[in-house]
Amino acid sequence: ESEWVVMATGRSPTNIAVIKYWGKRDEDLILPINDSISLTLDPLHLSATTTAAVSPGFSRDRMWLNGKEIPLSGERYQKCLREIRKRANEVSDEKKGLKIKKEDWESLHVHISSYNNFPTAAGLASSAAGFACLVFTLAKLMNVKEDLGQISSIARQGSGSACRSLFGGFVKWTMGNNADGSDSLAIQLADEAHWTDLVVIIAVVSSKQKETSSTSGMRETVQTSALIKHRAETVVPARMLKMEEAIANRDFASFAKLACSDSNQFHAVCLDTSPPIFYMNDTSHRIINLVEKWNHSEGTPQVAYTFDAGPNAVLISPNRKTAALLMQRLLYQFPPNQETDLTSFVVGDKSILQ
Ligand code: PMV
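Analysis parameters
- Residues numbered from 1 in each chain as written.
- Predicted model: local features only at pLDDT ≥ 70, side-chain atom pairs only at ≥ 80, totals over all residues.
- Helix = DSSP H or I, 4+ residues; strand = E, 2+ residues; numbered from the N terminus.
- Rg over C-alpha atoms; globule rule 2.2 N^0.38 Å.
- Buried ≥ 20, exposed ≤ 12 C-beta atoms within 10 Å, placed from the backbone.
- Contact = placed C-beta atoms within 7 Å.
- Near = placed C-beta within 6 Å.
- Nonpolar A, V, L, I, M, F, W, Y, C, P; charged D, E, K, R; others polar.
- Domains from an automatic or database assignment.
- Pairing = 2+ DSSP bridges.
- Axes fitted to C-alpha atoms, helices over the stretch in contact; angles between N-to-C directions.
- Core = buried A, V, L, I, M, F, W, Y, C linked by C-beta atoms within 7 Å.
- Parallel < 35°, antiparallel > 145°, perpendicular 65-115°, else oblique.
- Left-handed = near helix turned anticlockwise from the far one by under 90°.
- Expected span 1.5 Å × (residues − 1).

**Here's the deal with the overall build of the protein**
Item 1. Tallying secondary structure elements over the protein gives 8 helices and 18 strands in all.
Item 2. The C-alpha radius of gyration computed for the protein amounts to 21 Å, which stays within 12% of the reference 20 Å derived for 354 residues, consistent with globular compactness.
Item 3. Each principal axis of the C-alpha distribution contributes one length, and for the protein these read about 75 × 40 × 35 Å.
Item 4. Every one of the 354 residues in the protein was classed for burial, and the buried ones make up 45%.
Item 5. When contacts within the protein are restricted to residue pairs at least 6 apart in sequence, long-range pairs at least 24 apart make up 74% of them.

Okay, structure coming up:
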C-alpha cells in the first residue's frame with residue numbers, strides 16, 4: 001500500500017478588543033463573565049499561517065511553532081484536536097484514488113506546522129491568531145461541516161480571544177448561557193468592508209514577555225477584585241449596546257470614547273486585584289496622556305487607545321490623515337532610539353484557506 005499525505009493550509013489574523021474580555025466563569029471550558037467586541041486586523045502583518053497534514057505514516061500528533069517542535073500534550077491543544085476530530089467527515093480524492101472514511105480520523109495522526117509573521121517575542125499577543133488558525137485549518141483538513149460560529153466555540157477552548165479571529169471586520173463574542181459552552185461563540189457584527197477608513201497603529205513599547213499571564217491574571221481578578229462584579233454585570237452590558245451602535249453608524253467619537261474607557265476600566269480592575277497587576281508602564285501612560293490632551297484640545301476624539309495584558313499601545317485613528325499626524329506626534333515624543341516601534345494596520349479579513 002502506497003503512503004499518502006493530505007494537507008490543508010490556513011491563515012488567521014489577530015484581533016484587538018475594544019470591549020475587553022477579562023474573567024472566566026468556567027476555567028475548563030473558557031466561558032467569560034462578560035461579552036466582548038474586537039476588530040480583526042488585516043493578515044499582512046500580525047497573523048498565523050498553519051499547515052496541517054495527515055498520513056498513515058504518522059505515528060502520533062506533532063506540532064512545530066516557527067520551526068521548533070512544541071509539545072501538544074497541553075490540555076488546550078488536546079481539547080481543540082478532540083473536538084475537531086469528533087466532527088470529522090469523509091475526505092476523498094478520486095484522482096489519487098484516496099478515501100479517508102469518517103471513522104478513520106480516530107486513528108490517523110496529524111503533523112501541524114505554524115508560523116507567526118511577527119516575532120513571537122515582540123510582546124504582541126499571538127495566542128488568538130494561533131488557536132484560531134489551528135482550529136480553522138484542522139476543520140478544513142477533516143472536512144468539518146459546522147459553521148464558523150460553531151468552529152469559533154472550539155477555538156475559544158484554546159484561547160478565549162481566539163474565537164473572535166474566525167471572522168473579519170468587527171466581531172462580538174457572546175458569553176452565552178449554556179453550561180456546556182455551546183452558545184459562547186463569535187458573531188460578526190460588520191465585515192471588513194464596513195469601516196475601511198479606520199487605521200490601527202500599534203506602538204511596541206516593550207518586547208518583553210508579560211509578567212502575569214492572562215489566565216492567572218483573570219483568576220486573581222475574579223477572586224479578589226470588588227470592582228470586577230460591577231464591571232461585568234453593569235458596565236459592560238450597557239457599553240456593548242453603545243459600542244454596537246457606534247460601529248453600525250461608523251460614529252468614531254462614540255467608538256473612541258467607549259474603547260478608551262473600557263481599556264482604562266480593564267486596567268483599573270487589574271489594579272484592584274490583590275496583589276495588583278500592572279500591565280502598562282510609564283511609556284504607556286505617556287501615550288494615554290498624549291492622546292487625551294490631543295482629543296481634549298480638539299473638543300472631539302481624534303484617536304482611540306486600547307491596551308491589552310501588556311504595555312504596548314494600540315491606537316485607532318478615523319482616517320489616514322489623522323493616522324499620519326499621530327505617527328508624527330508619536331515619533332516626536334518617542335524617538336526611535338527609545339525603541340518605540342510603530343506599525344500600522346487596517347481592519348482586515350477573516351480566517352482564510354490558501
Ligand atoms: O484570550 P486570552 O486568554 O489571551 O485573553 C485576552 C485578554 C485581553 O487581550 C486582555 C482582552 C481581550 O478581550 O482580548
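**Here's the deal with the environment of G97**
Item 1. Following the sequence through the fold, G97 ends up in the loop between β9 (91-93) and β10 (98-100).
Item 2. Here the alpha-carbon distance between G97 and H230, two residues 133 residues apart in the chain, equals 60 Å.

**Quick notes on the site of the ligand**
Item 1. Looking at the ligand, there are 13 residues lining it, with A17, Y21, G160, S161 and S214 nearest.
Item 2. Among the residues forming the shell around the ligand, the class breakdown is 5 nonpolar, 6 polar and 2 charged.
Item 3. Taken together, domain 1 (6-191) and domain 2 (199-346) each give at least three residues to the shell around the ligand, which thus spans both.

**With respect to the pairing of strand β11 (residues 109-116)**
Looking down a regular strand, the side chains alternate between one sheet face and the other.
Item 1. Of the pairings in the sheet, the one linking strand β6 (residues 47-55) to β11 comprises 8 bridges and is antiparallel in character. Across the sheet, the residue bridging to T50 is S114, located in β11.
Item 2. Examined bridge by bridge, strand β7 (residues 62-65) and β11 share 4 bridges and lie parallel to one another. Bridge pairing in β11 links W64 to S113.

**Things to note about the sheet that holds strand β13 (residues 185-190)**
Item 1. Spatially, 4 strands are ordered β2-β5-β12-β13 in an open sheet, and the strand pairing comes out antiparallel. Looking at which strands have only one partner, the edges of the open sheet turn out to be β2 (15-19) and β13. In this sheet, neighbouring strand axes are inclined to one another by 35° on average, regardless of whether the strands run parallel or antiparallel.

**Structural notes on the domain arrangement of the protein**
Item 1. Looking at the protein, the domain boundaries give domain 1 (6-191) and domain 2 (199-346).
Item 2. Placing a centre on the C-alpha atoms of domain 1 and another on those of domain 2 gives a separation of 26 Å.
Item 3. Listed by partner, the interface residues are 23 residues for domain 1 and 31 residues for domain 2.
Item 4. With 3 residues, β2 is the largest single contributor of residues to the side of domain 1 that touches domain 2.

**Things to note about the environment of S47**
Item 1. Relative to the elements of secondary structure, S47 occurs in strand β6.
Item 2. For the pair S47 and L134, spaced 87 residues apart in the sequence, the C-alpha separation amounts to 12 Å.
Item 3. If we ignore the near neighbours within four places in the chain, the residues touching S47 are R11, S12, P13, T14, N117 and A129.

**Considerations on the nonpolar core**
Item 1. In this structure, I84, A132, V135, A155, Y305 and V314 are the most contacted members of the largest nonpolar core, which totals 89 residues.
Item 2. Here this core takes 11 residues from helix α2 (residues 127-141), the largest share from any one element.
Item 3. Each of domain 1 (6-191) and domain 2 (199-346) accounts for three or more of the residues forming this core.

**A closer look at the packing of α2 against helix α3 (residues 148-155)**
To describe two helices that pack against each other, one gives the angle between their axes and the distance between the axes.
Item 1. In the contact formed by α2 and α3, the axes pass within 9 Å of each other and the chain directions differ by 125°. One finds that α2 runs oblique with respect to α3. For the crossing formed where α2 meets α3, the hand is right-handed. Between α2, through F131, A132, V135, F136 and A139, and α3, the contact on the second element is made entirely by I151, I154 and A155.
Item 2. Here the contact of α2 with α3 is composed, by residue class, of 8 nonpolar, no polar and no charged.

**Regarding α2**
Item 1. Here α2 spans 21 Å end to end across 15 residues, near enough to the 21 Å set by a 1.5 Å rise per residue.
Item 2. Where burial is concerned, most of α2 is hidden: 13 out of the 15 residues are buried.
Item 3. N143 lies just past α2 and shows a positive phi near 55°.

**Some remarks on the environment of P237**
Item 1. Summarising the element assignment, P237 is placed in helix α5 (residues 227-248).
Item 2. For P237, a count of 12 C-beta atoms within 10 Å translates into the label exposed.

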